[in-house]
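Chain by chain, the residues:
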Amino acid sequence: MGTYMDVHHGFEGITGEQLRAAHQADLDNEKKEGVHFERAWADPESGTVYCLSTGPSKEAVQRVHEVAGHKADEIHEVRIEV
């Protein structure tokens with residue numbers, strides 16, 4: 001099981017409510033892929049959204065995002081944590 005940080009671009013002006021709805025869409029679809037989305041953060045000014053998840057692969061993470069309607073632009077495996 002890996003830990004992943006993914007990045008989405010193009011969400012300028014995103015609100016907390018919209019971020020919660022997008023995160024909930026991920027939570028609603030994660031079980032089928034064996035993924036769990038831990039947290040999400042957003043910078044409305046730059047339009048960047050970050051998601052932290054655990055799962056079997058970055059491909060599984062991407063499949064959940066695609067089903068939820070917001071494909072990630074980048075997915076990075078986080079191998080070292082302090």
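Residues numbered from 1 in each chain as written. Predicted model: local features only at pLDDT ≥ 70, side-chain atom pairs only at ≥ 80, totals over all residues. Heavy atoms only, no water.

Any details on the environment of V61? Residues and values, ideally.
Here V61 lies in helix α2 (residues 58-68). Note: C-alpha distance between V61 and E81 (20 residues apart in sequence) is 19 Å. Ignoring any residue separated from it by four or fewer positions in sequence, one finds V61 in contact with Y4, D6, V35, F37, S53 and I75. (Helix = DSSP H or I, 4+ residues; strand = E, 2+ residues; numbered from the N terminus. Contact = heavy atoms within 4.5 Å.)

Now, about the nonpolar core: what can you tell me, with residues and values included?
Of all hydrophobic cores here, the largest spans 12 residues; its members are Y4, I14, L19, V35, F37, V49, C51, A60, V61, V64, A72 and I75. Secondary structure elements with two or more residues in this core: β3 (48-55) and α2. Among the elements that make up this core, the one with the highest residue count is α2 (three residues). Once you skip the residues sitting within four places of it in the chain, A72 turns out to touch D6, V7, H8, Q62 and H65. (Core = buried A, V, L, I, M, F, W, Y, C linked by side-chain atoms within 4.5 Å. Buried < 20%, exposed > 50% of the residue type's maximum accessible area, 1.4 Å probe, protein only.)

Can you break down the sheet that holds strand β4 (residues 74-77) residue by residue, with the values?
The strand order β2-β3-β1-β4 describes an open sheet built from four strands, whose pairing is antiparallel. One side of each edge strand has no neighbouring strand; the edge strands of this open sheet are β2 (36-43) and β4. Taking the axes of each pair of neighbouring strands and ignoring which way they run, one obtains an average angle of 20° across the sheet. Where strand β1 (residues 2-8) and β4 come together, four bridges link them in antiparallel fashion. Looking at β4, one finds that M5 is bridged to H76. On the sheet, helix α1 (residues 16-29) packs against β2 and β3 and is oriented at approximately 160° with respect to β2. Of the strands in this sheet, β1, β2, β3 and β4 touch α2, which is tilted by about 45° from β1. (Pairing = 2+ DSSP bridges. Axes fitted to C-alpha atoms, helices over the stretch in contact; angles between N-to-C directions.)

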